[in-house]
Amino acid sequence: MKAMKKIELEKAYNPKNFEERIYGQWKEAGCFQPRGEKDKKPYVMVIPPPNVTGVLHMGHGLDHTLQDIMIRFHRMKGEPALWLPGTDHAGIATQNVVEKRLKKQGKSRRDIGREAFVEESWKVKAEHHAVISRQMARIGDSVDWSRERFTMDEGLSRAVREVFVALYERDLLYKGNYLVNWCVGCGTALADDEVEHEDTSGAMYHLRYPYTDGSGFLELATTRPETLLGDTAVAVHPEDGRYAALVGKTVSLPLAGRAIPVVADEYVDRAFGTGVVKITPAHDPNDWEVGKRHGLPVINILTPDGRLNAEVPEKYRGLTVKEAREAVLRDLKDQGFFIKEEAVTHAVGHCYRCHTVIEPFLSEQWFVRMKPLADKALAAWERGELVFHPKKWENTYKHWLLNIKDWCISRQLWWGHRIPAWYCQTCGETIVSREDISVCPHCGGEIKQDPDVLDTWFSSWLWPFSTLGWENAACDTEDFRRFYPTSALVTAYDIIFFWVSRMIMAGLEFTGKAPFRDIFIHGLVRDKQGRKMSKSMGNGLDPVELVDEFGADAVKFTLAFLCAQGHDLPLDRETFRLGSKFANKVWNASRYILMNLEDRNLVENPALLPIDTWIYSRLNNTAKTVSEAFLSYRYNDAAGAAYEYFWNDFCDWYVEATKLSLHGAPGAIADGEKDRAATVLLDALAESLRLLHPFLPFVTEEIYGFLPNTSGFLITAAYPEYDEKRNAPETEARFAFLQDIIRSIRTLRSECAVPPEKKVAVLIKVAERGGFEKTLSENEGLVKSLANIGELAIEAVSESSEAVAKADAKAGAKSGGDRPRQAIGLAGTGFEAFVRIADAVDRDFLKRKFSKELDKDKRFIASLQSKLSNGNFLQHAPPELIAGERQKLEESVKRVDKIASYIRDMEVQ
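Residues numbered from 1 in each chain as written. Predicted model: local features only at pLDDT ≥ 70, side-chain atom pairs only at ≥ 80, totals over all residues. Heavy atoms only, no water.

S.K.: So what about the environment of Ala883? Which residues, and what values?
M.R.: Its place among the elements puts Ala883 in helix H28 (residues 879-907). For Ala883, a relative accessible area of 44% gives the class partly exposed. C-alpha separation for the pair Ala883 and Ala753, spaced 130 residues apart in sequence, amounts to 32 Å. (Helix = DSSP H or I, 4+ residues; strand = E, 2+ residues; numbered from the N terminus. Buried < 20%, exposed > 50% of the residue type's maximum accessible area, 1.4 Å probe, protein only.)

If you want it as structure tokens, here you go:
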């Protein structure tokens, strides 16, 4: 075999040199497509489709990172792994973008007409889709681009129409006049879960409503005085004795002069204000329900563009809500109906897209009857077909389904799936059809199609199966048969209602199966102050900018490392240095190994030294820990275990230990041993890179391609599997003993400020029992090398001698009279070490240093003791703070004891 040459990676880790290149190689080679045996159970995820007019924000960065890590893990496990990408047509958002463009040109959508407007929307979709695709590639999403879908492509559009018609045929769809959430800015109805409520400063206005018989007045309060023009009653509680005699009487509506009744309804809170409320059925959801119970008239006072209509006195017509409020208040004061106003803070609904204040509005809309669908979704969870991670979200899911309301699915937009309903202008029939029609099938008369489109979520709730080719109940595509149901859904908790629950309902209703089993609900990204990241606050982070600065691997690893179940992620730009430092560590360690292959030969079936057995055992157990964490969606545990293994076990211990075999003095180490050590080291590195790949895909792939003992892509290599035969608990225990010795000496060197180039003399007394003495003797060179020891003496002691030595060490006394002069004693399980520090540092300087530290620690202990004896502190401080202070006290006392023993040891002549 020809001897290897050293392989030089770039000196500095620079992800810009290879990340985009590697992504292109993966994509071109088809690495993102499902591979493996067709009869093997696949692992499938569908991406939560980002809005096509948007760009990826930090929330996407987290969501995509977690999915990418999971799909890479399962791909390396040999499962046919599919991560299906796509985008959402985002009805309101896209229409807003197009209308803003038209406005800059001095035009409106009505100026150019529906057909031209839709054409412009498709152009915007194409522009933004290209941006999102580039961003997804830049952050490293290993999605199967050959299966990419869009919620308005032909196949998904057919599925949407099929579902609409099927719901209509099953009497799960209806049209009616109902109170809806109306966005004046977008000019459309919104579902309840598309309204964001925010605490807003306002006023509570107290008003007089005079009795029509002139006998007095009722006082009530409202935050929306302009809506009184649509009042059709005032209400009191039926058990409120103050008003019992007034029920059935009428009052005169201020400014309008209409007589409206006083009704009794349990909705009224007797303890709030005066116990009297105005009832405006067309402009308040609670009043709507009261109105239905009492058969009250419903008067809508608003136009779709948010102005007052012809139902109000002429002077108010055409005013905006804000203008009307000012005018109404002015007139109420002038005419003696106004009593007072009070400042209040109350929750006000805003559009989740344009942030306009929502107006409750009476309108004819299409609705889905949700209860029958929700009952099936609840039953599926109760049967164990759905598993939430973490489990606490099951309660949220259950509560929403038990309290579900019908879903308003029509939107007064032009961009989206147009509702497949036609109205006959002759016979008045409504026709809902799977195919477009041109005349009424009942009478042959002229028809007009419903001008509205469907809520964007109406296509998104079909996403797990429509993307796999489902278009109707007879669907039998290969992808649908093979990949549905999918395996897992990874998403944030803010769309459990919007999307997750509805997907489950749709999957059960139209395929008979839940669309996925595992549902991992992760937290939200927040800034360091705990605020949700948003454009309006200017506290957001751009994931692509972070990739440009730190690399995709750094971003991916950092997010995984911080993603603890049930917690949000506080982030700022500096946070991502964590992942950057780790990727840099992987690069530098690998670079060192590859640089030291000059004239080495790979050996078949190399023998293993104890240190090799140890690293394989650590790697084996880490692979088990990481795999188990992945399968339960504990990303932070998986990332933490991988980090600890590579940085600590592999780099700090194993690579350092192999230097004895690779870099001994000339002639001291045979070439055969160097070849054996290099072979094992390369094998351990290759397997370690496979372990790390899901977290750090680019840097591990780049390094893997340079290894002389590997071939093919790392992305499709086998993930390390736990093997009981590789487990070596006894070897791990022996090495833990050596690590304890080495760490103790290293710590002492640091505390005593011993320069790195100075070697120290050490005497180690080691117990004869448990193989401690044998372990230390066999690894003397390793201990000397890693602890920077010059002269090492090993002395075996009996059980009784060991006990005496430990007692002496604790008391700071001499150990049997043979303790080295001016040596500091250290004790651990199975050993006692005496380190002759005086040869490496100035003893007087060290004594002064320790004395200062001792005085400082004693003062700190006194302050802690004072605080912990303060009854006021103990009574009012949080338990976790008290526990923390007690822990500080315990640690400080131990440190004082240790420093005091150091000083005593140095005084021993």
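Having seen it, we continue.
S.K.: Could you give an account of the packing of helix H10 (residues 393-402) against helix H14 (residues 496-511), with specific residues and numbers?
M.R.: Look at H10 against H14: their axes get within 11 Å of each other, and the N-to-C directions meet at 75°. When the axes of H10 and H14 are compared, the pair comes out roughly perpendicular. Across the interface between the two elements, Trp393, Thr396, Tyr397, Trp400 and Leu401 from H10 touch Ile496, Phe497, Ser501, Arg502, Ile504 and Met505 from H14. Here the residues of the contact of H10 with H14 are counted per class, giving 8 nonpolar, 2 polar and 1 charged. (Axes fitted to C-alpha atoms, helices over the stretch in contact; angles between N-to-C directions. Parallel < 35°, antiparallel > 145°, perpendicular 65-115°, else oblique. Contact = heavy atoms within 4.5 Å. Nonpolar A, V, L, I, M, F, W, Y, C, P; charged D, E, K, R; others polar.)

S.K.: Give me the lowdown on the side chain of Asp553, citing residues and values where you can.
M.R.: Along the chain, Asp553 turns up in helix H16 (residues 552-562). Filtering out sequence-adjacent residues up to four positions away, Asp553 remains in contact with Tyr13, Glu19, Phe695, Leu696, Pro697, Phe698 and Val699.

S.K.: So what about the pattern of salt bridges? Which residues, and what values?
M.R.: Side-chain pairing between opposite charges can occur once the charged atoms of the two side chains come close. Within the structure shown, the criterion is met by 58 salt bridges. Among the salt bridges present, the one from Arg147 reaches Asp144, with a minimum N-O distance of 2.5 Å. Each member of the pair Arg147 and Asp144 is classed as buried. The salt bridge partner of Asp213 is Lys249, with a shortest N-O separation of 2.9 Å. Here Asp213, found in the loop between strand E7 (195-210) and strand E8 (217-222), pairs with Lys249, found in the loop between strand E9 (233-236) and strand E10 (250-252); they are 36 residues apart in sequence, far enough to count as distant. Here the residues in one salt-bridge network are Glu19, Glu20, Arg138 and Asp548, joined through shared partners. (Salt bridge = Lys/Arg side-chain N within 4 Å of Asp/Glu carboxyl O.)

S.K.: Account for the packing of aromatic side chains, with residues named and values stated.
M.R.: For the coordinates displayed, the defined rule picks out 44 aromatic pairs. Aromatic pair Phe480 and Tyr484: ring centres 5.1 Å apart, planes at 15°, arrangement stacked. Ring plane angle 70° and centroid distance 6.1 Å describe the contact between Phe737 and Phe831, whose orientation is recorded as edge-to-face. On the criterion of sequence distance, the pair formed by Phe737 in helix H22 (residues 729-751) and Phe831 in strand E29 (residues 831-836) is long-range, its members being 94 residues apart. Per residue, the accessibility class of Phe737 equals that of Phe831, and both read buried. Here Lys333 stacks its cationic end above the ring of Phe338, 4.9 Å away from the centre of that ring. If you follow Arg502 out to its NZ or CZ, it ends over the ring of Trp407, 4.0 Å from the centre. (Phe/Tyr/Trp six-rings, centres within 6.5 Å; stacked < 30°, edge-to-face > 60°. Lys NZ or Arg CZ within 6 Å of the ring centre and 35° of its normal.)

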